[in-house]
Amino acid sequence: MDLSKKKNNELLEELKDLTGQERLIVTRVLLYLQEVEKRKLFLEEGYSSLFAFCTEFLLYTPAEAQVRIEAMRLGKEIPEVIEKIKEGKVSLSNAAEAQGHFRREEKKRVVPKAEKEEVLESLYDCTTREAEKKLNERYDPEAKVKLSFYASPELLEKLEKCKGLLAHQNYEGDLAKLIEILADKALKADDAPPRRAPQAQETQENRTRYIPKATQAFVWKRANHQCEYEKNGKRCTSRHALEIDHIVEYAKGGSNKPENLRLLCSAHNKFRNFQQSG
Ligand SMILES: [Zn+2]
């Protein structure tokens, strides 16, 4: 299959069409799994559970099997879910995530069907992260995420010093609490009212690539620390490795005034360079 000759809009339209077909297939798989479960075919075929059948016979990874089984079970109780997955309103993984929450909640109380329907509706068009957040807020407000990373001896020493300095706020020296205090400090510093964008007094003679600190701070604040790349009203959500970009290139006479500056993530910065060189 040679796609290199396709126009960009053709490529995108066909890809969109393919993902629609992919969702259709996924929902068929869910219906087939329902029937296999109903007939207990997995037992007859020698598997102890539907999960074992999915991983050993259908060769799904454990994670793939898990989301399909969860979504299928939800579809048994609320058949409309299958339709919504087909339409792309609810992703397979969000449906599975919701079912996981319902299952755990049902160990404590009966979760009425109307509640499940309402929760599902709130998940329409949500990303995985948004859905997780909504579900956690509703069913597991104490949910904590385990963070782990490798720290250099230098970082450990710095953290120890911070612990000492901030002991009056965190007597126990709890690491999570310490990081929260440090994060609050960083965010508070950022919340300082934005200084008025300085009017750069640029002339040909003193022209410099250097963007004054105050202008930098202004641009970051204005962008709300988020990449400003936008197309057809869709703005990039990245906050990763953001850099200030000259809209009209500096080399082509673009100024350091805030109107000519924007914040881009590293991927969009590279993409811009790629477009300019292409
Ligand atoms: Zn971006």
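Only a predicted model underlies this, so the values are computations on that prediction, with no experimental measurement involved. (Residues numbered from 1 in each chain as written. Predicted model: local features only at pLDDT ≥ 70, side-chain atom pairs only at ≥ 80, totals over all residues. Heavy atoms only, no water.)

Undergrad: Can you help me understand the coordination of the zinc ion in this one?
TA: For a metal with four tetrahedral donors the ideal donor-metal-donor angle is 109.5 degrees, whereas six octahedral donors ideally subtend 90 or 180 degrees. Donor atoms from the polypeptide that coordinate the zinc ion comprise C227 (SG), C236 (SG), C265 (SG) and H268 (ND1), at 2.0 to 2.4 Å from the metal. Around the zinc ion sit four donor atoms; with metal-centred angles ranging over 104 to 120°, the donor geometry is tetrahedral. As a motif over one chain, the donors of the zinc ion read C-x8-C-x28-C-x2-H. Here C236 is found in the loop between strand 2 (234-235) and strand 3 (243-246), whereas its partner C265 is found in the loop between strand 4 (261-264) and helix 12 (266-277), with 29 residues between them in sequence. Pair check on accessibility: C236 and C265 agree, each one buried. (Donors = N, O, S within 2.8 Å, 3.2 Å for Na, K, Ca; no water. Tetrahedral: all angles 85-135°; square planar, octahedral: opposite > 155°, others 65-115°. Helix = DSSP H or I, 4+ residues; strand = E, 2+ residues; numbered from the N terminus. Buried < 20%, exposed > 50% of the residue type's maximum accessible area, 1.4 Å probe, protein only.)

Undergrad: Would you take a moment to explain the packing of aromatic side chains for this structure?
TA: What characterises a pair of aromatic rings is the spacing of the ring centres plus the angle enclosed by the ring planes. By the definition in use, this model includes six aromatic pairs. Measuring from ring centre to ring centre gives 6.0 Å for F102 and Y139, while their planes differ by 90°; the resulting arrangement is edge-to-face. Of this pair, F102 sits in helix 6 (residues 92-105) while Y139 sits in helix 8 (residues 128-139), and the two are 37 residues apart along the sequence. Here the two residues F102 and Y139 agree in accessibility, since each one is buried. (Phe/Tyr/Trp six-rings, centres within 6.5 Å; stacked < 30°, edge-to-face > 60°.)

Undergrad: What should I look at first to understand the side chain of Q99 in this one?
TA: Within the fold, Q99 resides in helix 6. By relative accessible area, Q99 is classed as buried at 10%. The residues touching Q99, leaving out its near neighbours within four places in the chain, are E70, R73 and L74. (Contact = heavy atoms within 4.5 Å.)

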